[in-house]
Amino acid sequence: MPMWTTQQLQAIDANNNTILVSAAAGSGKTAVLVERIVQLIRGGFHLDRMLIVTFTKAAAAEMRQRLNKRLIKEAAADPDTFGAALDELESTEISTIHAFCQKVLRNNFQAVGIDPMVRPCDDQMKKALFEAAWLEAFNDLLEKRDDSDFIELAYAWDQPRLMEMTAQLYDFLMSLPDPFEWLRQAVDAVDQPPYRQHPWYQLLVQHAGMQLQGIEAILQSMRRMFEEKDAVQDRWETFQADETACEALFHVEQWTAESLLRALDGFALGKAKVIRGLSEEEKEWSKRLSKQRDKIKEMVKEIRDNLTVDEDRLQLEFSTMQRHLRGLAALTEATHHAFLAQKAEKHLIDFSDMEQFTMQVLSDPALKAQMQGEYDHIFVDECQDVS
(Lines give C-alpha, C1' and ligand atoms only; values in the text may rest on other atoms or scores of the structure.)
Protein backbone atom coordinates (compact mmCIF):
# COMPACT_ATOMS: atom_id res chain seq x y z
CA MET A 1 0.00 0.00 0.00
CA PRO A 2 1.59 3.33 -1.04
CA MET A 3 2.34 5.92 1.62
CA TRP A 4 0.21 8.82 0.39
CA THR A 5 0.98 12.39 1.37
CA THR A 6 -1.67 14.56 3.02
CA GLN A 7 -2.24 16.44 -0.25
CA GLN A 8 -2.52 13.22 -2.25
CA LEU A 9 -5.08 11.82 0.19
CA GLN A 10 -7.10 15.03 -0.13
CA ALA A 11 -7.25 14.52 -3.91
CA ILE A 12 -8.14 10.83 -3.52
CA ASP A 13 -10.91 11.32 -0.95
CA ALA A 14 -12.34 14.74 -1.92
CA ASN A 15 -16.10 14.89 -2.49
CA ASN A 16 -16.01 18.02 -4.67
CA ASN A 17 -17.80 17.96 -8.00
CA THR A 18 -14.69 19.37 -9.68
CA ILE A 19 -11.10 18.69 -8.61
CA LEU A 20 -7.92 20.06 -10.17
CA VAL A 21 -4.67 18.39 -9.12
CA SER A 22 -1.58 20.48 -9.89
CA ALA A 23 1.83 19.03 -9.07
CA ALA A 24 5.31 18.63 -10.55
CA ALA A 25 6.18 15.95 -13.09
CA GLY A 26 6.86 12.59 -11.48
CA SER A 27 5.00 13.46 -8.27
CA GLY A 28 2.39 10.74 -8.65
CA LYS A 29 -0.61 12.50 -10.22
CA THR A 30 -1.57 9.50 -12.36
CA ALA A 31 -1.18 7.14 -9.39
CA VAL A 32 -3.52 9.41 -7.42
CA LEU A 33 -6.01 9.32 -10.29
CA VAL A 34 -5.95 5.50 -10.33
CA GLU A 35 -6.37 5.37 -6.55
CA ARG A 36 -9.35 7.73 -6.71
CA ILE A 37 -10.99 5.48 -9.31
CA VAL A 38 -10.41 2.45 -7.08
CA GLN A 39 -11.95 4.26 -4.11
CA LEU A 40 -15.00 5.21 -6.19
CA ILE A 41 -15.46 1.59 -7.30
CA ARG A 42 -15.18 0.53 -3.67
CA GLY A 43 -17.90 3.09 -2.90
CA GLY A 44 -20.32 1.52 -5.37
CA PHE A 45 -19.65 3.40 -8.64
CA HIS A 46 -19.25 1.50 -11.91
CA LEU A 47 -16.07 1.74 -13.95
CA ASP A 48 -17.93 1.65 -17.27
CA ARG A 49 -19.74 4.86 -16.27
CA MET A 50 -16.45 6.71 -16.04
CA LEU A 51 -14.76 8.62 -18.88
CA ILE A 52 -10.96 8.76 -18.63
CA VAL A 53 -9.20 11.11 -21.05
CA THR A 54 -5.44 11.05 -21.65
CA PHE A 55 -3.11 13.12 -23.81
CA THR A 56 -1.73 10.33 -26.04
CA LYS A 57 -2.78 6.87 -27.24
CA ALA A 58 0.23 5.42 -25.43
CA ALA A 59 -0.89 7.06 -22.18
CA ALA A 60 -4.40 5.62 -22.66
CA ALA A 61 -2.97 2.11 -23.12
CA GLU A 62 -0.76 2.55 -20.06
CA MET A 63 -3.72 3.79 -18.00
CA ARG A 64 -5.74 0.71 -18.96
CA GLN A 65 -2.83 -1.56 -17.99
CA ARG A 66 -2.36 0.21 -14.65
CA LEU A 67 -6.05 -0.09 -13.84
CA ASN A 68 -6.09 -3.75 -14.88
CA LYS A 69 -3.14 -4.52 -12.63
CA ARG A 70 -4.64 -2.67 -9.70
CA LEU A 71 -8.11 -4.21 -10.11
CA ILE A 72 -6.65 -7.74 -10.20
CA LYS A 73 -4.87 -6.98 -6.94
CA GLU A 74 -8.04 -5.60 -5.34
CA ALA A 75 -10.14 -8.52 -6.64
CA ALA A 76 -8.14 -10.92 -4.47
CA ALA A 77 -9.66 -9.30 -1.36
CA ASP A 78 -13.04 -8.30 -2.84
CA PRO A 79 -13.82 -10.52 -5.85
CA ASP A 80 -17.44 -9.43 -6.25
CA THR A 81 -16.83 -5.68 -6.47
CA PHE A 82 -13.53 -5.68 -8.32
CA GLY A 83 -14.23 -8.79 -10.40
CA ALA A 84 -17.20 -6.88 -11.84
CA ALA A 85 -14.96 -3.84 -12.37
CA LEU A 86 -12.49 -6.02 -14.30
CA ASP A 87 -15.34 -7.16 -16.55
CA GLU A 88 -16.30 -3.50 -17.12
CA LEU A 89 -12.74 -2.38 -17.86
CA GLU A 90 -12.83 -3.59 -21.47
CA SER A 91 -15.81 -1.37 -22.29
CA THR A 92 -14.65 1.61 -20.20
CA GLU A 93 -13.80 4.67 -22.27
CA ILE A 94 -10.10 5.38 -21.78
CA SER A 95 -8.96 7.44 -24.75
CA THR A 96 -7.46 10.65 -26.06
CA ILE A 97 -9.69 13.70 -26.28
CA HIS A 98 -9.86 13.32 -30.06
CA ALA A 99 -10.87 9.65 -29.88
CA PHE A 100 -13.66 10.73 -27.53
CA CYS A 101 -14.69 13.47 -30.00
CA GLN A 102 -14.75 10.95 -32.85
CA LYS A 103 -17.08 8.70 -30.84
CA VAL A 104 -19.40 11.65 -30.11
CA LEU A 105 -19.49 12.62 -33.78
CA ARG A 106 -20.12 9.09 -35.00
CA ASN A 107 -23.17 8.99 -32.73
CA ASN A 108 -24.38 12.51 -33.55
CA PHE A 109 -23.18 13.25 -37.10
CA GLN A 110 -26.64 14.47 -38.15
CA ALA A 111 -26.58 17.19 -35.49
CA VAL A 112 -23.56 18.89 -37.10
CA GLY A 113 -24.19 17.89 -40.71
CA ILE A 114 -21.05 15.86 -41.38
CA ASP A 115 -20.47 12.63 -43.29
CA PRO A 116 -20.51 9.70 -40.83
CA MET A 117 -17.66 8.13 -42.82
CA VAL A 118 -15.20 11.04 -42.45
CA ARG A 119 -11.61 10.10 -41.69
CA PRO A 120 -8.82 12.05 -39.96
CA CYS A 121 -6.80 14.41 -42.15
CA ASP A 122 -3.01 14.15 -41.97
CA ASP A 123 -0.84 17.25 -41.51
CA GLN A 124 0.45 17.35 -45.09
CA MET A 125 -3.03 17.19 -46.60
CA LYS A 126 -4.35 19.69 -44.03
CA LYS A 127 -1.63 22.21 -45.00
CA ALA A 128 -2.33 21.80 -48.74
CA LEU A 129 -6.11 22.15 -48.29
CA PHE A 130 -5.74 25.18 -46.01
CA GLU A 131 -3.51 26.98 -48.51
CA ALA A 132 -5.97 26.22 -51.34
CA ALA A 133 -8.85 27.46 -49.16
CA TRP A 134 -6.95 30.62 -48.25
CA LEU A 135 -6.21 31.41 -51.92
CA GLU A 136 -9.86 30.82 -52.83
CA ALA A 137 -11.05 33.12 -50.02
CA PHE A 138 -8.47 35.80 -50.83
CA ASN A 139 -9.32 35.90 -54.53
CA ASP A 140 -13.05 35.85 -53.84
CA LEU A 141 -12.86 38.81 -51.44
CA LEU A 142 -10.55 40.67 -53.80
CA GLU A 143 -12.86 40.10 -56.75
CA LYS A 144 -16.00 41.20 -54.87
CA ARG A 145 -14.29 44.37 -53.57
CA ASP A 146 -17.19 45.00 -51.17
CA ASP A 147 -15.12 44.91 -47.99
CA SER A 148 -13.05 48.11 -47.77
CA ASP A 149 -11.20 46.87 -44.67
CA PHE A 150 -10.05 43.75 -46.51
CA ILE A 151 -9.04 45.72 -49.61
CA GLU A 152 -6.89 48.04 -47.45
CA LEU A 153 -5.31 45.01 -45.76
CA ALA A 154 -4.63 43.28 -49.07
CA TYR A 155 -2.70 46.28 -50.41
CA ALA A 156 -0.82 46.81 -47.14
CA TRP A 157 0.68 43.30 -46.85
CA ASP A 158 2.17 40.83 -49.33
CA GLN A 159 0.37 37.52 -49.86
CA PRO A 160 2.87 35.18 -48.13
CA ARG A 161 2.77 37.29 -44.95
CA LEU A 162 -1.04 37.51 -45.11
CA MET A 163 -1.32 33.73 -45.44
CA GLU A 164 1.04 33.29 -42.49
CA MET A 165 -0.97 35.70 -40.33
CA THR A 166 -4.23 34.00 -41.30
CA ALA A 167 -2.84 30.56 -40.46
CA GLN A 168 -1.54 31.70 -37.07
CA LEU A 169 -4.81 33.40 -36.19
CA TYR A 170 -6.85 30.43 -37.40
CA ASP A 171 -4.86 27.92 -35.31
CA PHE A 172 -5.47 30.06 -32.22
CA LEU A 173 -9.17 30.59 -32.95
CA MET A 174 -9.82 26.88 -33.38
CA SER A 175 -8.82 26.34 -29.74
CA LEU A 176 -11.73 28.54 -28.59
CA PRO A 177 -15.34 27.40 -28.04
CA ASP A 178 -16.92 30.21 -30.12
CA PRO A 179 -14.01 31.36 -32.28
CA PHE A 180 -15.50 33.96 -34.60
CA GLU A 181 -17.69 35.60 -31.98
CA TRP A 182 -14.55 35.96 -29.84
CA LEU A 183 -12.74 37.44 -32.85
CA ARG A 184 -15.47 40.00 -33.52
CA GLN A 185 -15.44 41.13 -29.90
CA ALA A 186 -11.63 41.29 -29.81
CA VAL A 187 -11.48 43.42 -32.98
CA ASP A 188 -14.23 45.75 -31.71
CA ALA A 189 -12.26 46.26 -28.48
CA VAL A 190 -9.08 47.44 -30.24
CA ASP A 191 -9.96 51.10 -30.81
CA GLN A 192 -11.45 52.01 -27.45
CA PRO A 193 -9.92 54.98 -25.58
CA PRO A 194 -8.82 55.96 -22.98
CA TYR A 195 -5.66 54.29 -24.13
CA ARG A 196 -4.05 54.16 -20.68
CA GLN A 197 -6.72 51.63 -19.70
CA HIS A 198 -6.11 49.53 -22.81
CA PRO A 199 -4.56 46.06 -22.21
CA TRP A 200 -1.75 47.01 -24.59
CA TYR A 201 -0.81 49.99 -22.40
CA GLN A 202 -1.10 47.94 -19.21
CA LEU A 203 1.46 45.54 -20.65
CA LEU A 204 3.81 48.49 -21.17
CA VAL A 205 3.36 49.43 -17.51
CA GLN A 206 4.17 45.85 -16.47
CA HIS A 207 7.20 45.87 -18.76
CA ALA A 208 8.36 49.12 -17.12
CA GLY A 209 8.44 47.25 -13.82
CA MET A 210 10.71 44.61 -15.33
CA GLN A 211 12.96 47.32 -16.75
CA LEU A 212 13.25 48.93 -13.29
CA GLN A 213 14.37 45.56 -11.95
CA GLY A 214 17.07 45.70 -14.60
CA ILE A 215 18.18 49.11 -13.28
CA GLU A 216 18.39 47.63 -9.79
CA ALA A 217 20.65 44.88 -11.13
CA ILE A 218 22.89 47.48 -12.79
CA LEU A 219 23.22 49.36 -9.49
CA GLN A 220 24.18 46.16 -7.71
CA SER A 221 26.81 45.53 -10.37
CA MET A 222 28.14 49.07 -9.93
CA ARG A 223 28.31 48.61 -6.17
CA ARG A 224 30.39 45.45 -6.63
CA MET A 225 32.79 47.34 -8.90
CA PHE A 226 33.95 49.40 -5.88
CA GLU A 227 35.36 46.19 -4.39
CA GLU A 228 37.83 45.84 -7.26
CA LYS A 229 41.47 46.76 -6.69
CA ASP A 230 41.47 49.49 -9.38
CA ALA A 231 38.24 51.09 -8.13
CA VAL A 232 38.30 54.88 -7.87
CA GLN A 233 36.83 55.44 -4.43
CA ASP A 234 36.35 59.16 -5.13
CA ARG A 235 33.48 58.03 -7.40
CA TRP A 236 31.63 56.55 -4.43
CA GLU A 237 29.84 59.79 -3.62
CA THR A 238 28.51 60.03 -7.19
CA PHE A 239 27.37 56.41 -7.04
CA GLN A 240 25.46 57.02 -3.80
CA ALA A 241 23.71 59.98 -5.43
CA ASP A 242 22.79 57.72 -8.36
CA GLU A 243 21.31 55.15 -5.96
CA THR A 244 19.27 57.82 -4.21
CA ALA A 245 17.90 59.11 -7.55
CA CYS A 246 16.92 55.59 -8.60
CA GLU A 247 15.29 54.79 -5.25
CA ALA A 248 12.54 57.26 -6.10
CA LEU A 249 11.68 55.08 -9.11
CA PHE A 250 11.76 51.84 -7.14
CA HIS A 251 9.36 53.08 -4.47
CA VAL A 252 6.58 54.72 -6.44
CA GLU A 253 3.60 55.03 -4.06
CA GLN A 254 0.99 53.63 -6.45
CA TRP A 255 2.04 51.45 -9.35
CA THR A 256 0.21 53.33 -12.08
CA ALA A 257 1.38 54.95 -15.30
CA GLU A 258 0.64 58.43 -13.93
CA SER A 259 2.65 58.02 -10.72
CA LEU A 260 5.50 56.34 -12.58
CA LEU A 261 5.62 59.11 -15.19
CA ARG A 262 5.76 61.74 -12.44
CA ALA A 263 8.72 59.93 -10.90
CA LEU A 264 10.40 59.60 -14.30
CA ASP A 265 9.92 63.31 -15.06
CA GLY A 266 11.78 64.19 -11.87
CA PHE A 267 14.58 61.71 -12.51
CA ALA A 268 18.14 62.76 -13.38
CA LEU A 269 21.60 61.44 -12.64
CA GLY A 270 24.01 64.14 -11.48
CA LYS A 271 27.15 65.04 -13.36
CA ALA A 272 30.06 62.75 -12.50
CA LYS A 273 32.88 64.38 -10.54
CA VAL A 274 36.01 65.09 -12.61
CA ILE A 275 39.03 63.33 -11.11
CA ARG A 276 42.53 63.84 -12.44
CA GLY A 277 45.78 61.92 -12.05
CA LEU A 278 44.27 58.47 -12.54
CA SER A 279 46.33 55.47 -13.61
CA GLU A 280 45.46 53.69 -16.87
CA GLU A 281 43.76 50.92 -14.91
CA GLU A 282 41.71 53.44 -12.94
CA LYS A 283 40.74 55.24 -16.14
CA GLU A 284 39.54 51.95 -17.63
CA TRP A 285 37.55 51.24 -14.48
CA SER A 286 35.97 54.72 -14.65
CA LYS A 287 34.93 54.12 -18.26
CA ARG A 288 33.18 50.91 -17.27
CA LEU A 289 31.36 52.69 -14.48
CA SER A 290 30.30 55.47 -16.85
CA LYS A 291 28.93 52.91 -19.30
CA GLN A 292 26.76 51.48 -16.53
CA ARG A 293 25.45 54.96 -15.72
CA ASP A 294 24.68 55.50 -19.41
CA LYS A 295 22.70 52.23 -19.47
CA ILE A 296 20.55 53.50 -16.61
CA LYS A 297 19.89 56.78 -18.43
CA GLU A 298 18.97 54.94 -21.63
CA MET A 299 16.61 52.58 -19.81
CA VAL A 300 14.86 55.43 -18.02
CA LYS A 301 14.46 57.27 -21.33
CA GLU A 302 13.02 54.13 -22.95
CA ILE A 303 10.51 53.67 -20.12
CA ARG A 304 9.47 57.33 -20.33
CA ASP A 305 9.12 57.19 -24.12
CA ASN A 306 7.06 53.98 -23.95
CA LEU A 307 4.65 55.38 -21.40
CA THR A 308 4.27 58.84 -22.91
CA VAL A 309 1.13 58.65 -25.04
CA ASP A 310 0.45 60.86 -28.05
CA GLU A 311 -3.30 60.22 -28.12
CA ASP A 312 -3.88 61.74 -31.56
CA ARG A 313 -1.20 59.54 -33.09
CA LEU A 314 -2.42 56.48 -31.18
CA GLN A 315 -5.98 57.05 -32.32
CA LEU A 316 -4.81 57.14 -35.93
CA GLU A 317 -2.65 54.02 -35.51
CA PHE A 318 -5.30 52.06 -33.61
CA SER A 319 -7.93 53.01 -36.16
CA THR A 320 -5.70 51.71 -38.96
CA MET A 321 -4.92 48.60 -36.95
CA GLN A 322 -8.61 47.95 -36.34
CA ARG A 323 -9.44 48.25 -40.03
CA HIS A 324 -6.65 45.81 -40.91
CA LEU A 325 -7.83 43.41 -38.20
CA ARG A 326 -11.38 43.57 -39.54
CA GLY A 327 -10.01 42.73 -42.95
CA LEU A 328 -7.96 39.86 -41.51
CA ALA A 329 -11.01 38.63 -39.60
CA ALA A 330 -13.06 38.59 -42.82
CA LEU A 331 -10.29 36.73 -44.65
CA THR A 332 -9.91 34.20 -41.81
CA GLU A 333 -13.63 33.48 -41.60
CA ALA A 334 -13.91 33.13 -45.39
CA THR A 335 -10.89 30.80 -45.32
CA HIS A 336 -12.59 28.76 -42.60
CA HIS A 337 -15.71 28.17 -44.69
CA ALA A 338 -13.68 27.32 -47.80
CA PHE A 339 -11.45 25.01 -45.73
CA LEU A 340 -14.45 23.14 -44.32
CA ALA A 341 -15.82 22.73 -47.85
CA GLN A 342 -12.46 21.43 -49.14
CA LYS A 343 -12.30 18.83 -46.36
CA ALA A 344 -15.95 17.83 -46.71
CA GLU A 345 -15.44 17.19 -50.43
CA LYS A 346 -12.68 14.71 -49.57
CA HIS A 347 -14.53 13.27 -46.53
CA LEU A 348 -11.81 14.52 -44.18
CA ILE A 349 -11.82 16.04 -40.72
CA ASP A 350 -8.92 17.47 -38.71
CA PHE A 351 -8.37 17.56 -34.94
CA SER A 352 -9.72 21.11 -34.61
CA ASP A 353 -12.89 20.09 -36.46
CA MET A 354 -13.36 17.21 -34.04
CA GLU A 355 -13.22 19.62 -31.11
CA GLN A 356 -15.41 22.28 -32.71
CA PHE A 357 -18.08 19.85 -33.93
CA THR A 358 -18.15 18.14 -30.52
CA MET A 359 -18.69 21.55 -28.93
CA GLN A 360 -21.63 22.05 -31.31
CA VAL A 361 -23.12 18.71 -30.23
CA LEU A 362 -22.72 19.66 -26.55
CA SER A 363 -24.39 23.02 -27.17
CA ASP A 364 -27.65 21.16 -27.89
CA PRO A 365 -29.38 20.87 -24.46
CA ALA A 366 -31.00 17.52 -25.26
CA LEU A 367 -27.81 15.92 -26.60
CA LYS A 368 -25.81 17.36 -23.72
CA ALA A 369 -28.24 15.91 -21.17
CA GLN A 370 -28.11 12.54 -22.93
CA MET A 371 -24.31 12.45 -22.75
CA GLN A 372 -24.30 13.61 -19.13
CA GLY A 373 -26.50 10.62 -18.36
CA GLU A 374 -23.81 8.25 -19.66
CA TYR A 375 -21.14 9.18 -17.10
CA ASP A 376 -20.90 9.53 -13.34
CA HIS A 377 -17.28 10.71 -13.34
CA ILE A 378 -14.88 12.24 -15.86
CA PHE A 379 -11.10 12.14 -15.39
CA VAL A 380 -8.57 14.06 -17.46
CA ASP A 381 -4.92 13.07 -17.16
CA GLU A 382 -2.32 15.68 -18.19
CA CYS A 383 -5.07 18.31 -18.23
CA GLN A 384 -2.69 21.14 -19.15
CA ASP A 385 -1.85 19.36 -22.44
CA VAL A 386 -5.31 18.04 -23.25
CA SER A 387 -6.92 21.48 -22.75
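Residues numbered from 1 in each chain as written. Predicted model: local features only at pLDDT ≥ 70, side-chain atom pairs only at ≥ 80, totals over all residues. Heavy atoms only, no water.

> How should the overall build of the chain be read in this particular structure?
Within the chain, the secondary structure is distributed over 18 helices and five strands. A globule of 387 residues ought to have a C-alpha radius of gyration of about 21 Å, yet the chain, at 31 Å, is considerably larger. The C-alpha extent of the chain, read off along each of the three principal axes, is 95 × 70 × 35 Å. Sequence separation of at least 24 residues holds for 76% of the intrachain contacts in the chain that already meet a minimum separation of 6. Surface exposure of the chain reaches about 23200 Å², of which carbon and sulfur atoms provide 52%. Where the 43 positive side-chain charges of the chain centre and where its 64 negative ones centre are 6 Å apart. (Helix = DSSP H or I, 4+ residues; strand = E, 2+ residues; numbered from the N terminus. Rg over C-alpha atoms; globule rule 2.2 N^0.38 Å. Contact = heavy atoms within 4.5 Å. Areas by Shrake-Rupley, 256 points an atom, 1.4 Å probe, with all protein chains shown as cover. Lys, Arg positive; Asp, Glu negative; His and termini not counted. Charge placed at Lys NZ, Arg CZ, Asp CG, Glu CD.)

> Mind showing me how you'd approach the sheet that holds strand β1 (residues 50-54) here?
Strand order across the open sheet formed by three strands is β2-β1-β5, with parallel pairing between neighbours. Each of the sheet's edge strands pairs with one partner strand only, and the pair in question is β2 (93-96) and β5 (377-380). Between one strand axis and the next, the sheet turns through 15° on average, direction left out of account. Note: β1 against β2, four bridges, orientation parallel. Of the residues in β2, the one forming a bridge with Ile52 is Ile94. (Pairing = 2+ DSSP bridges. Axes fitted to C-alpha atoms, helices over the stretch in contact; angles between N-to-C directions.)

> Just to check I follow, could you spell out the packing of aromatic side chains for this structure?
How two aromatic rings sit relative to each other is set out by the distance from centre to centre and by the angle between their planes. Across all of its chains, the model carries twelve aromatic pairs by this definition. Aromatic side chains Phe130 and Phe339 sit 5.4 Å apart centroid to centroid with 90° between the ring planes, which places their arrangement in the edge-to-face category. Linking Phe130 in helix α7 (residues 123-144) with Phe339 in helix α15 (residues 311-345), this pair joins segments that are 209 residues apart in sequence. With a relative accessible area of 0%, Phe339 lands in the buried category. An aromatic cluster is present here, built from Phe226, Trp236, Phe239 and Trp285 joined pairwise through their rings. The lysine or arginine in question, Lys343, covers the ring of Phe339, its NZ or CZ lying 3.7 Å from the ring centre. (Phe/Tyr/Trp six-rings, centres within 6.5 Å; stacked < 30°, edge-to-face > 60°. Buried < 20%, exposed > 50% of the residue type's maximum accessible area, 1.4 Å probe, protein only. Lys NZ or Arg CZ within 6 Å of the ring centre and 35° of its normal.)

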